[in-house]
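Spelled out, the chains give:
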Amino acid sequence: MSLKRTLARTRAGARNALEIVRFGRLAAPYGGSYQIVHEGKNHRLRRYGDLASPESVVLLIPPLMVTADVYDIAPDVSAASLLASRGIAPFVVDFGAPEREEGGMRRTLDDHVRAVSACIDAIRETTGRDVHLCGYSQGGMFAYQTAALRRGDGVASVVTFGSPVDLHRGLPNVRRDVTGAIVELVEPALSSIAARIEGLPGALTSTGFKLLSGRKEIQQRIEFLRTLHDRSALVRREARRKFLGGEGFVAWPGPALRVFLDDFIVHNRMLSGGFVIDGRTVTLADIDKPILAFVGSTDDIARPETVRAIVDAAPRAEVSMVTVRAGHFGLVVGSHAMVQTWPIVAEWILWRDGRAEEPAALRAPAPSVHAIDADAGAPSESDLELLLDAATKSARAAWTRLGDVAAEASDALDAIRYQEPRLRKLARIAPETKLSAALELAERAAESPDATFFLWNGRAFSYRDADVRVTHVMRGLFACGVRPGERVLVVMGSRPSFLSMTTALSRLGAVAVIAPPDASASALRVAAEREDVRHVASDPENAARVHAALERSVLVLGGGGSSRTLAHGLVDMEAIDPAAVELPHDFVPNAGLARDLALVFLRPSNDVELRAAPVTNHRYALSALGAAAACTIKPSDTVFCCIPLHHPTSLMASVGSALASGARLALAERFDPDRFESEIRRTGATLVFYAGDMLRPLLRRNLGRSLPLRLFAGSGMRGDLARKLGERLGVRTMEFYAGTTHRAILANVDGKKPGALGRVLPGSDPIDVARVDLSKKTAVRDGDGNVVFAETGHQGLLAIRADDEWVVTGDVVRRDEDGDYWFVDSLSGFVGEVSTRAIEDTFYEELDVDVAAAYGVRGEVWLAYVGDVAPERVEAALAERDQPRVAVRVDSSPLTEGFRPKKSELPRTRSDPRVLRYQRR
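What counts as what
- Residues numbered from 1 in each chain as written.
- Predicted model: local features only at pLDDT ≥ 70, side-chain atom pairs only at ≥ 80, totals over all residues.
- Heavy atoms only, no water.
- pLDDT = per-residue confidence, 0-100.
- Contact = heavy atoms within 4.5 Å.
- Phe/Tyr/Trp six-rings, centres within 6.5 Å; stacked < 30°, edge-to-face > 60°.
- Helix = DSSP H or I, 4+ residues; strand = E, 2+ residues; numbered from the N terminus.
- Buried < 20%, exposed > 50% of the residue type's maximum accessible area, 1.4 Å probe, protein only.
- Core = buried A, V, L, I, M, F, W, Y, C linked by side-chain atoms within 4.5 Å.
- Pairing = 2+ DSSP bridges.
- 1 Å grid on protein atoms, 1.4 Å probe; cavity = no way out; pocket = protein on both sides within 12 Å on 5 of 7 lines; lining within 4 Å.
- Points joined across faces, edges and corners; volume = space filled by probe spheres on them.
- Nonpolar A, V, L, I, M, F, W, Y, C, P; charged D, E, K, R; others polar.

> Could you give an account of the confidence of the model for the chain, with specific residues and numbers?
Here the chain averages 84 in pLDDT, while 81% of its residues score no lower than 70. Under a pLDDT of 50 for its full length, residues 366-410 has, in the predicted model, 73 contacts with residues more than four places off or in other chains.

Here is the structure:
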C-alpha cells in the first residue's frame, strides 16, 4: 500500500473516530415503521407491514435483556421486513425497558408469559389466524412456555433460535450430572445475591453478553478498526454496533431473575417440567405443535446440546432442527442470518400454512445449514486465534476438573445439608418432644410461605395456602364439637381435603382414625365401635354411604366454592366461617408430643374386619424423616404420591418425607400407568413412592430414559422389577421395610442389590432373625422360652427388640454376609414349606408375566397369572418343578390397596372356566 493511500486512510479514520467520539454515531438512528395494535400492563404489541388480510402471521418474541428492536435493527438486517416481504404478517411483542417503566423492575416471568399469551389472543382476534411463535434465546423459552401453558391453543408452530432447554448441559466438557452438582454447590450464593438486588441493569447484561461472546467481541473490535476509514461500511454496520454496544440491552427485573435462577438454572424445569405459571403446573411435554429449533454450532451462550434437548422435553411434538455455523447473536442478526436463518423461517411458516413446499433445509437426511460466521474476518491461523483456542481449551479443562471436584463435594454437602440434620433430629426425639405433622407444616409456612408445597390437578398451592386451610378446618372441627383427644373416623378419597382434615385434627390434638373409602358398611361399624370413634368425617363422594352405614352425623369437607345443600345428616364444613369460631383462651395448637397417638390406620385383613394400626407422632417422624434422609430428598425435589392417601406408605413416607424435607408434593388421585408419563412431566417429579408391584405396568410402556425421575422408593418391589426399571428407565430403586406398629425401619439405600430390604436405619429399634418352624408357623424357642436366632444366610422370622424383649413378626427374612436383609415371604404365604412368593418371583423372571399370584388350594400350590405367554412355555415351567401344580391364566386380577393380587378372589376349583390345561400330570 502506498504512503499516500495510507495517509488518506489514516485521516479518514481519524475524522470518523472524532465524529463518533463527539456525537456517538455517524448516521441518524434507524427506526422501522410499525403500529401499536395492543397494549397491556407489561407489554406493547407492534405490527409491521401493511398486509390487510394476512394468510400467515408470526409473533416475534425477544429475550428479557434485549429490546424488541433485535428483529428490526437496520434495513438490511430486519427480520420483520424480510418476513413481510414474503407475505407473512410480522408482530413483535415489546416488553419495553423495565428500568424506565413504573413497576417494571417488579415483573415476574409469569408477567412475560402472560404478555405473550395476551398477544396471541389479540392477533387471533385481529387476523383470525393461529400464530407462529418465534423466539430468540430466552424469547424462545417464552415461546415454549406459552405454547405449553395454552396446550397449543391458537399456536400454529414454534420456532426458536438458540433457546436452551436443558440448562444443566451448558458447561463445556462437563457431564450433565456433574453440572447439577456444581449448580447445587453455588445455588445458595446465587439465591442470596438475587434476593438482595432489584435486578440486573442493562449495562451489566450488555457486558455479560460480551464476556460470554468473547471471541466474537474481539473479532468485531478488530473489524471495526480495520474499516474505521470506510464511512459507508461503518454506516452500514452502525445500527448493529450501537445495538451491541449497549443500546439494545435493557434491565432484567429482580423477581423474574430469581424465578429464572430457581426454576430453570437450579431445578432445570424446562427439561423436567413442573414449572408453575399463574398457579398452574406446566411442562413442555404438553406441546403438540410442530417445532423448528435453530442451533448455533459456535454458540457459547446456548450451547448446541442445551438447545437440542427440546426433543426430550417435548416428546409429543414434531421437532425439526437446523444447525447454522453462527454464534448466539449471529443466529438472528447479521447478513448471513438474512440469507440463511430467516428465509428458512419464512419457508417453514408458509409450508406449515399450506402455502409452500417443505423447506429444502429440512428435506436433507440430517438438517444442517453451514454458513460462514456472520462476523468472521480475522485470519484463522493468526496469533489471536491461537491464543483464543489455547485459552478455551484451558478453560474447558478447568471446568472438567471443577466438575469432578464438585460432584464429590456435592455428595458430601448433601449428607451435611440434608441427611445428617434429619438423622440428628430423629436421635434427639424424646417422649416429651413437641412433634406432629401439623407443627411441621406450620414451621414450613413460617420459613417459606410462598414456596410451593403441593401440586394437584395442574394447580400449585403454597405452604401458606395449606397452613391457612388447615387452621380454618381446625376451627370448623371445633365448631362441630370435636375436642382434643377425641377420635374421628376419616373416610375420604385421595384429595387435598384428606390432608387438610388429618392435619387439622393433628393441630387440634384429636386423632384421625383412617379407613379405606371402599370398606364395607359392616367393617366400618365394627371398627368405629371398637376404636371409640366420637365423630365421623368424609368427602362429598363418600359421605352419604358412610352416613347410611354408621347412622351418624357426618362432617363433610371438600368440594366447596359454591352454595350447596347436603342431605340430612351431613354437615357442610365448607359453610362454616372460621373467623366466627371462638377457641378457648388456653387452647394451644400443634401441641402434640412424640409419645402421643397421632393416627390409627384401619387396615384390611383376611377376614371381614379392619385391623387397627396405631401410630404415634414419634413413629410418624421415624417414617417421614427416615425416608427423607435415606432418599436424600432436597427442597429441589418433587415427590410424586399416587398411592391412596389412606395407605400408611402414602401418608407417612410419601407425604411425610416431602413435608419434612421442604420438597414439593405432587398428588395424584390414583396410579394410572397410561397417565404416568404425562403426570411426571407436568409436575417435574423426581421421586415416586410405590407399593408392591404397582410399577410393573410401566414395563409395557415406551417411556424411555428422558423422564426427570431419579428414584423409586417404597416397599414390596421384587428384585426383577427393580432391575428392569433401572435398565429401561435409568431410575434407581430404594426398597424400604417399615411396620406401622413397631419402630423397625430398613432401607436399601445404595440400591446395589435389587430386591434387598437393605440395612437398619438410624433411629430404628434393633432387629435380628429368629429361627422358624414352618410346619408349625412359629418361631423356634429354647427351653426357657427365649427366641433362638438363625445363622447368617438362613431364613427366619424378623425379630425386633423393643422394651427389653424380642417381638417376633410374621415376616420371613434372611440376612446375607454383608449384613443386608432380604424379604422371603410372609408366614401366611407358605403352603407347607413352599414359599408362594418364590414361585411368583420365578414366573416373573422367566416368563415376564404381568401378574403372578401363587396360593394354596387344599395343600397344593396354584398359580394364577395375567399375560400373553405361549402355553408351551407355561407347561415347560410347570414340568421343571414340583410346585405349582396348577397354572391358571386370567384376564385380570383384582388388587389390594397395596397393589398385590387379591388371592381370595382367584380360581380354586378345576371346574372354574378360567382354569386351563396347565395342571401337572
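Read on for the rest.
> Go over the packing of aromatic side chains with me, naming the residues and quoting the values.
Here the structure, examined in full by the defined rule, presents 15 aromatic pairs. Seen from their ring centres, Phe-161 and Trp-342 are 4.9 Å apart, and the 45° between their planes marks the pair as tilted. Of this pair, Phe-161 sits in strand β6 (residues 155-161) while Trp-342 sits in helix α14 (residues 341-352); the two residues are 181 residues apart in sequence, bridging distant segments of the chain. Here the two residues Phe-161 and Trp-342 agree in accessibility, since each one is buried. Ring geometry for Phe-454 against Phe-461: centres 4.9 Å apart, planes inclined by 20°, an arrangement best described as stacked. For Phe-454, a relative accessible area of 9% puts it in the buried group. Ring pairing ties together the aromatic residues Tyr-71, Phe-161, Phe-294 and Trp-342, which thus form one cluster.

> If you had to explain the nonpolar core to someone new, which residues and values would you point to?
Counting 101 residues, the largest nonpolar core has Leu-477, Leu-665, Phe-676, Phe-712 and Phe-736 as the members making the most contacts within it. By size, the runner-up hydrophobic cluster in this structure holds 55 residues, among which are Leu-45, Ala-115, Ile-291 and Ile-310.

> Would you mind going over the pairing of strand β28 (residues 756-760) in detail, with residue names and values included?
Bridging between strand β27 (residues 745-747) and β28 involves two bridges; their strand directions are antiparallel. Paired with Ala-747 across the two strands is Arg-759, which belongs to β28. Both β28 and strand β34 (residues 821-826) contribute to a ladder of two bridges, which runs antiparallel. Bridge assignment links Ala-756 to a residue of β34, and that residue is Trp-822.

> How would you explain empty space enclosed by the protein if you had to name every residue and give the values?
Where empty space is left in the structure can be found by rolling a water-sized probe over the atoms. For the coordinates displayed, the defined rule picks out three cavities of 30 Å³ or more. Its volume calculated, the largest cavity comes out at about 100 Å³. Together, Lys-425, Leu-435, Ser-436, Ala-437, Glu-440, Tyr-620, Ala-621, Ala-624, Leu-625, Gly-656, Leu-659 and Ala-660 line the largest cavity. Only α17 (437-447), α22 (617-630) and α23 (648-661) provide two or more residues apiece to the lining of the largest cavity. For the lining of the largest cavity, the leading source of residues is α22, giving four residues. In terms of residue class, the lining of the largest cavity is made up of eight nonpolar, two polar and two charged. A volume near 50 Å³ is recorded for the second largest cavity. Split by residue class, the lining of the second largest cavity holds seven nonpolar, one polar and two charged.

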